[in-house]
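Observations on the model geometry
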Amino acid sequence: MSGNSAVGEAAVLAGCTAYFGYPITPQNELTEHMAKRIVEVPGGVFIQSESEIAAINMVLGASAAGARAMTSSSGPGISLKQEGISYLAADELPAVIVNMMRGGPGMGNISPAQSDYLQATRGGGHGDYRTIVLAPASVQEAADLVYVAFDLADTYRNPVVILGDGMLGQMMEPVTFTTAAPRKEYPKEYVLSGASGRPSRMIRSLLFDTKEEEEHNWKLFRKYQLMEHNEVRYETFLLDDADMAVLAYGIAARIAKGAIKRLRQEGLKVGLIRPITLWPFPMKIIQETAKQLGDFFVFEMSTGQMIEDVKLALEGKGHIHFYGRPGGVIPTPVELSRIIARHCYQSQRSKKR
Amino acid sequence: MKTVYCRPKCMKEAHFHYCPGCGHGVITRLIAEVVDEMELRDKTICVAPAGCGMLLYNYFDIDTIESAHGRGAAVATGIKRVRPENLVFSYQGDGDLAAIGTAEGFHAANRGELISVIFVNNGVYGMTGGQMAPTTMLEQVTTTSPAGRDSVLQGHPVKICEVYATLDGTSYLERVAVNKPAAIIKTKKAIAKAFRHQQQKTGFSLVEILSPCPTNWKMSPLDSCRWVDDVMTKVFPLGLIKETKKC
């Protein structure tokens, strides 16, 4: 199954009953899967919207009405959705937004890239807010993280972004769907259903009173602190005895794993830290690793965006190496292993000196 | 003793923030009266706009959500599709529906979404201080058309009802006004009719309401009411524009 279809199927199994989307490559299979699949679910809603802006605002309406709602797109379309994502965060409404990244900026191209890291992890739209960002590295993980995404969205009443790329969306891999434990019931005291037998409710983000708006901002901030405390996810690979730690996420981490296996055969002790949540970013494991080794190799399919978070985590400690391939270029594990090996040898030489 | 006039049940005890002579207060009250009379309070969900109508949730004692500027029809679509049993209406101004939200309104209408739009047309951006709107009259002076609206540079007033009438998804479109008692009574009837169309699932319904804005028109409230008749209705003729089925 393709990553796109798997994300769609997992969303339906996770209880998503409202999907709104607009065609954009390389995520169309997700919209197409939902067009067929979500209408089989009782109350399932599918709309191909007139724009990305309309789609995210339909998500906002559906979420306010109590549905598990989702939309998906790629770079240019995600830019258009930022308005609505900001409102979702401000209104404290849950939603899942999938971004299968492509080469950018502007129109860019339709090849896999990791060019929207900063947009995704810094809020993306206007105002002081954050979204949890999940970065799967395989079709199976993409499917698994969809359940996590909906639960996190409901737990914190905040939009959650699944940040994949064109490769993850397009590639076919075997996938098992866990319908596992029954879904937790989340409090729905905010849902608009008509004020029958209860006081009327309002969902708004307009707060003219600056004190009230400030308190709302701090309230959101405290929620983000909780996320930073509780929701950091990452994977390590061959890190225990490593002299150099590669930092990569998503498909880039998959390429990095292949490269590391080769490097290990050459006797180079290289390990991997793969952030699964890009926000909150796994700062601690990087800081702990910095006690064990001094060389960090950041690999991204961009000119370097996650590297800023790595620098923040290291607080000036260690030496950061970087290799980036923006624009939709997908380096092979062989290519990456050669680059990493060169950096390893240079580092060893400079240490001897 | 017989009560002949009181606060509608679905209105909160709050003071309107609207300027003296503004039509919004009348329209807000009319909606509340219709919701009361049709006994819809328990199932109504209102989508409030950005603009002068944005504080609707301070006045309506019904479930209300704020929408971003222009996105009311999309938000209402999301709600209505998830909760088809509810009555969902969006309250939007002319900048909201006829400029920034053109796509959302047009396509909700074209899909025949079972929502009602209360479209308040006062020919200016009110809340931001009286800038030119898509519905501003030709030669009308606003803060951003200081020499008067020039069709060559700024286009012509947009007639939303007439545009939407070409869409097969729309079932009820009527243009009314709130500048005098007889017109207000017609407006109330039109709002009720739009809600009935929604209940009977005939299609997308919209009531366009010509509404005075004395502050930004820089006229007295009385002159503003006269101006609606003398100038606005010449470009925006009142009356039923489209009704596919009697409701």
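Everything below is about the structure printed above this text.
Here's a quick rundown of the structure. Because the structure is predicted, anything quoted here is derived from the model rather than measured.

**Let's talk about the overall build of chain A**
Each helix and strand counted, chain A has 12 helices and 13 strands in total. For chain A, the C-alpha radius of gyration of 21 Å lies close to 20 Å, the compact-globule estimate for 353 residues. Structurally, chain A occupies a C-alpha span of about 75 × 45 × 40 Å along its principal axes. Expressed as a percentage of the 353 residues in chain A, the buried residues total 59%. Long-range pairs, those at least 24 residues apart, make up 78% of the contacts in chain A between residues at least 6 apart in sequence. For chain A, the exposed area adds up to about 14,000 Å²; of that, 54% sits on carbon and sulfur atoms. Separation between the mean location of the 37 positive side-chain charges and that of the 38 negative ones in chain A comes to 5 Å.

**Here's the deal with the pairing of strand β4 (residues 116-121) of chain B**
Residue and element names in this part refer to chain B. Among the 6 residues in β4, 6 count as buried, and that is most of the element. With burial as the criterion, each face of β4 is covered, one bearing Ser 116, Ile 118 and Val 120 and the other bearing Val 117, Phe 119 and Asn 121. As paired elements, β4 and strand β8 (residues 204-210) share 6 bridges and run parallel to each other. Counted as the bridge partner of Ile 118 is Val 207 from β8.

**Re the interface of chain B and chain A**
Each side of the interface is counted separately: chain B has 36 residues, and chain A has 37 residues. Regarding the contact of chain B and chain A, the summed buried area is about 2,700 Å², with carbon and sulfur atoms giving 59% of it. There are 3 salt bridges connecting chain B and chain A. Residue Asp 63 of chain B is joined to Arg 198 of chain A by a salt bridge in which the shortest nitrogen-to-oxygen separation is 2.5 Å. Where chain B touches chain A, the interface holds 17 residue pairs in polar contact (both at pLDDT 80 or more). Mapped onto the side of chain B that touches chain A, the elements with two or more residues apiece are β1 (44-48), β2 (63-66), α2 (72-82) and α4 (102-110) of chain B. Ranked by the residues each element gives to the side of chain B that touches chain A, the list is headed by α2 of chain B, at 7 residues. Tallied by class, residues from the side of chain B that touches chain A come to 14 nonpolar, 9 polar and 13 charged. Sheet topology places strand β7 (residues 202-203) of chain A next to β2 of chain B; 2 bridges connect them, and they run parallel.

**Considering the pairing of strand β6 (residues 159-165) of chain A**
Two faces belong to every sheet, and in a regular strand the side chains alternate between them. Residues and elements named next belong to chain A. Across the 7 residues that make up β6, a large majority, 7, are buried. Every second residue of β6 is oriented toward a common face, with Pro 159, Val 161, Leu 163 and Asp 165 on one face and Val 160, Ile 162 and Gly 164 on the other, all of them buried. Relative to β6, strand β5 (residues 132-134) is paired through 3 bridges, and the arrangement is parallel. Directly across from Leu 134, in β6, lies its bridge partner Ile 162. Between the parallel pair β5 and β6, the chain is carried across by helix α6 (residues 139-156), and the sense of this crossover is right-handed.

What counts as what
- Residues numbered from 1 in each chain as written.
- Chains lettered and ligands numbered in written order.
- Predicted model: local features only at pLDDT ≥ 70, side-chain atom pairs only at ≥ 80, totals over all residues.
- Heavy atoms only, no water.
- Helix = DSSP H or I, 4+ residues; strand = E, 2+ residues; numbered from the N terminus.
- Rg over C-alpha atoms; globule rule 2.2 N^0.38 Å.
- Buried < 20%, exposed > 50% of the residue type's maximum accessible area, 1.4 Å probe, protein only.
- Contact = heavy atoms within 4.5 Å.
- Areas by Shrake-Rupley, 256 points an atom, 1.4 Å probe, with all protein chains shown as cover.
- Lys, Arg positive; Asp, Glu negative; His and termini not counted.
- Charge placed at Lys NZ, Arg CZ, Asp CG, Glu CD.
- Pairing = 2+ DSSP bridges.
- Buried area = accessible area lost by both parts, 1.4 Å probe.
- Salt bridge = Lys/Arg side-chain N within 4 Å of Asp/Glu carboxyl O.
- Polar contact = N/O pair within 3.5 Å; in protein donor to acceptor, adjacent residues only side chain to side chain.
- Nonpolar A, V, L, I, M, F, W, Y, C, P; charged D, E, K, R; others polar.
- Right-handed = clockwise from strand over helix to strand, strands pointing away.

Read these as layout, nothing more, since geometry by itself doesn't imply function.
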